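Working through the structure, step by step
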Amino acid sequence: MSNARMRYFIRVTNIAIFNALVEAAEKHAAEQNVTYEAQRRNGYYELSTGSAALWHDLYLYGQMIAQAQDEYIDGGELPA
């Protein structure tokens with residue numbers, strides 16, 4: 001099994017969902033002493049972090065919001 005560092009991402013197309021995720025990330029990142037990046041890329045709003053715990057919390061939160069509004073959300077991991 002590889003020990004390669006991973007980067008976790010969440011992509012949405014709705015700016016309101018993105019803003020909610022960034023607000024939650026600010027709070028949780030400070031509490032967990034981790035970092036994240038938020039940007040617009042290729043028509044998506046994207047939030048990424050090296051913290052699996054932060055990503056997991058944010059992705060579940062984002063899924064609840066996106067599902068309630070029938071909006072797009074995607075997430076996963078990539079090699080850092």
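Read on for an overview of the structure. Since we're looking at a predicted model, the values are computed, not measured. Every chain's residues receive numbers from 1 upward, in the order its sequence appears when written. Note on the predicted model: pLDDT of at least 70 is required for a residue's local features to be given, and 80 or more for side-chain atom pairs to be given and counted; whole-chain, interface and lining totals, by contrast, use all residues. For side-chain calculations, the full set of non-hydrogen atoms in the structure is used, while hydrogens and water are omitted.

**What to know about the sheet that holds strand 4 (residues 73–79)**
Cut-off, in case you're wondering: By definition, two strands form a pair when at least two bridges between them are found by DSSP. Secondary structure elements are defined from DSSP: runs of H or I of at least 4 residues count as helices, runs of E of at least 2 residues count as strands, and each element is numbered from the N terminus. Note on geometry: axes are C-alpha line fits, over the in-contact stretch for helices, and angles between N-to-C directions span 0 to 180 degrees. In this description, contact between two residues means that some pair of their heavy atoms is separated by no more than 4.5 Å.
A sheet is described by the order of its strands in space; here four strands give the open sequence 2-3-1-4, paired in antiparallel fashion. Strand pairing shows two members of the sheet lacking a second neighbour, strand 2 (36–41) and strand 4, which therefore form its edges. The average angle at which neighbouring strand axes cross in this sheet is 20 degrees, direction not considered. As paired elements, strand 2 and strand 3 (residues 44–49) share six bridges and run antiparallel to each other. The residue bridging E37 from the neighbouring strand is S48, located in strand 3. Sitting on the sheet, helix 2 (residues 52–68) is in contact with strand 1 (6–12), strand 2, strand 3 and strand 4, with an inclination near 160 degrees to strand 4.

**Comments concerning the side chain of E46**
Worth spelling out the cut-off: In the analysis that follows, any N or O atom pair within 3.5 Å is treated as a polar contact, provided that within protein one partner can donate a hydrogen and the other can accept it, and provided that, for residues neighboring in sequence, both atoms belong to side chains.
As for its placement among the helices and strands, E46 is situated in strand 3. Looking at E46, its side chain comes within polar contact range of the side chain of R41, at 3.4 Å.

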